[in-house]
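For reference, the chains in residue letters:
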Amino acid sequence: LSAAQLQALRAGDERAFRELVREHESLLLRLALLYAPSRAVAEEVVQETWLGVLNGIDRFEGRSTLRTWIFRILVNRARTRGERERRTVPFAALARAETEGDFEPVDLDRFAPDGSWASPPRRWEEDPELALRSAEAVEKVRAEVAKLPEMQRLVITMRDLDGLPSEDVRNALDISETNQRVLLHRARSKVRAALEGFFADG
Amino acid sequence: VPELTCAELVERITDHLEGAMSPDEVRRVRAHLSACDGCAAHVEQMRIALRLLRAHPPERSSHALEDRLAGVFREWARSER
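In this text the structure is predicted, and so the values were computed from the model without any measurement.

When you go through chain B residue by residue, the secondary structure sums to four helices and zero strands. Shown N-terminal to C-terminal, the secondary structure of chain B runs as helices and strands in the order α-α-α-α. Taking the principal axes of the C-alpha coordinates as reference, chain B spans close to 65 × 30 × 15 Å. Sorting the 81 residues of chain B into buried and exposed places 46% on the buried side. Put simply, of all contacts in chain B between residues at least 6 apart along the chain, 62% involve residues at least 24 apart. Counting only carbon and sulfur atoms, one obtains 49% of the accessible surface of chain B, whose full area is about 4,500 Å².

Here we take up the packing of aromatic side chains. For the structure on display, the rule yields seven aromatic pairs over all chains. Aromatic side chains phenylalanine 60 of chain A and tryptophan 69 of chain A sit 4.9 Å apart centroid to centroid with 35 degrees between the ring planes, which places their arrangement in the tilted category. Ring centres 4.6 Å apart and planes at 35 degrees place the aromatic pair phenylalanine 111 of chain A and tryptophan 117 of chain A in the tilted group. Judged by its relative accessible area of 10%, phenylalanine 111 of chain A is buried. In this structure an aromatic cluster arises from ring pairing among Phe17 and Trp50 of chain A together with Phe73 and Trp76 of chain B. If you follow arginine 133 of chain A out to its NZ or CZ, it ends over the ring of phenylalanine 198 of chain A, 4.3 Å from the centre.

This part is about the nonpolar core. One recurring pattern in soluble globular proteins: nonpolar side chains tend to sit buried together. Leu31, Trp50, Met151, Met158 and Leu173 of chain A are the most contacted members of the largest nonpolar core, which has 48 residues in total. The leading source of residues in this core is helix H2 (residues 14-35) of chain A, at nine residues. With residues up to four places along the chain from it excluded, the contact list for tryptophan 50 of chain A reads Phe17, Leu20, Val21, His24, Leu28 and Ile70 of chain A together with Leu69 of chain B. Val138, Val145, Ala187 and Phe199 of chain A belong to the second-largest nonpolar core, a separate cluster that totals 19 residues.

So, about the pattern of salt bridges. All names here are of chain A. Under the definition given, this model contains 23 salt bridges over all chains. Taking the shortest distance from any N to any O, the salt bridge between glutamate 14 and arginine 18 comes out at 3.5 Å. Of this pair, glutamate 14 and arginine 18 both sit in helix H2, four residues apart, which is roughly one turn of that helix. Among the residues examined, arginine 18 registers a relative accessible area of 43% and is labelled partly exposed.

What follows is about the interface of chain B and chain A. When the parts of a complex come together, some accessible area is lost, and that lost area is often used as the size of the interface. Taken residue by residue, the interface counts 46 residues in chain B and 60 residues in chain A. For the chain B and chain A pair, buried surface summed over both sides reaches about 4,600 Å², with 61% attributable to carbon and sulfur atoms. Summed over the three residues of chain B that lose the most area to chain A, namely Gln45, Glu59 and Phe73 of chain B, the buried surface amounts to 16% of that side. The interface formed by chain B and chain A includes six salt bridges. The closest approach of N and O atoms between glutamate 18 of chain B and arginine 159 of chain A, which form a salt bridge, is 2.7 Å. There are 20 residue pairs in polar contact (both at pLDDT 80 or more) connecting chain B and chain A. Elements that contribute at least two residues to the side of chain B that touches chain A include exactly helix H1 (6-17), helix H3 (37-54) and helix H4 (63-78) of chain B. With 15 residues, the top contributor of residues to the side of chain B that touches chain A is H3 of chain B. Taken together, the residues of the side of chain B that touches chain A sort by class into 26 nonpolar, eight polar and twelve charged.

Before going further, it helps to spend a moment on the side chain of glutamine 180 of chain A. Positionally, glutamine 180 of chain A belongs in helix H10 (residues 177-201). In this structure glutamine 180 of chain A comes out as buried when scored by relative accessible area, which is 2%.

Cut-offs applied
Residues numbered from 1 in each chain as written. Chains lettered and ligands numbered in written order. Predicted model: local features only at pLDDT ≥ 70, side-chain atom pairs only at ≥ 80, totals over all residues. Heavy atoms only, no water. Helix = DSSP H or I, 4+ residues; strand = E, 2+ residues; numbered from the N terminus. Buried < 20%, exposed > 50% of the residue type's maximum accessible area, 1.4 Å probe, protein only. Contact = heavy atoms within 4.5 Å. Areas by Shrake-Rupley, 256 points an atom, 1.4 Å probe, with all protein chains shown as cover. Phe/Tyr/Trp six-rings, centres within 6.5 Å; stacked < 30°, edge-to-face > 60°. Lys NZ or Arg CZ within 6 Å of the ring centre and 35° of its normal. Core = buried A, V, L, I, M, F, W, Y, C linked by side-chain atoms within 4.5 Å. Salt bridge = Lys/Arg side-chain N within 4 Å of Asp/Glu carboxyl O. Buried area = accessible area lost by both parts, 1.4 Å probe. Polar contact = N/O pair within 3.5 Å; in protein donor to acceptor, adjacent residues only side chain to side chain. Nonpolar A, V, L, I, M, F, W, Y, C, P; charged D, E, K, R; others polar.

Below, the structure is given as structure tokens:
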């Protein structure tokens, strides 16, 4: 978002607002849908987010980018909704919990004791079914993403479904570069493993 | 420099794809991949997984939400700030 757009928005230019809304439409809905029990509730969260953005826009000082500020508002609203009594766990603590412990991107029994492949992966690229079954594969991926723990889901949704740069994801979630990468690695590895099962089952 | 095993390579694949490796590590990964069909296939699977993740169609707001947002904006623009 340029300084000119921000100024237009503050001056009450509806076209600037519509542009901003359109730019963030898909990701805000995706993030709201991670938490909301229904599409209607997700849309309410998006509406509340924009109201929060407008009400805070004159105080917005550009310490973060406008974009990461908008995501923070959305995610905070989505998380606290429905659990107003309970305190939500801070992202940093969640990220710590989700990056701790052992993780096997590939089952250890696929490797020989010397660390080489005992049961190497197949090349899907040569699989003539891949193209035919890609709509089904996309659904498989969607289902697998839905099963991921919260931080991994947030990171893979922002990075890979939406294509945001890692810096924006780090800033929006207030996590370190390393934690962002470990969360992404675990999330992508689980998706890949699920697809391996999917293609193997034929 | 110790050689990278296949089990180690799959642990580090995201570091590689994210450009978070030292030039030395990148050389070891490339050398390993050019000599190991299993790991090359693993990386190929990871890239296909990424392609399928990116293939998800964007979410679209309902017309009702668009209308409500326009209303929210107009009310905000009219209000004393």
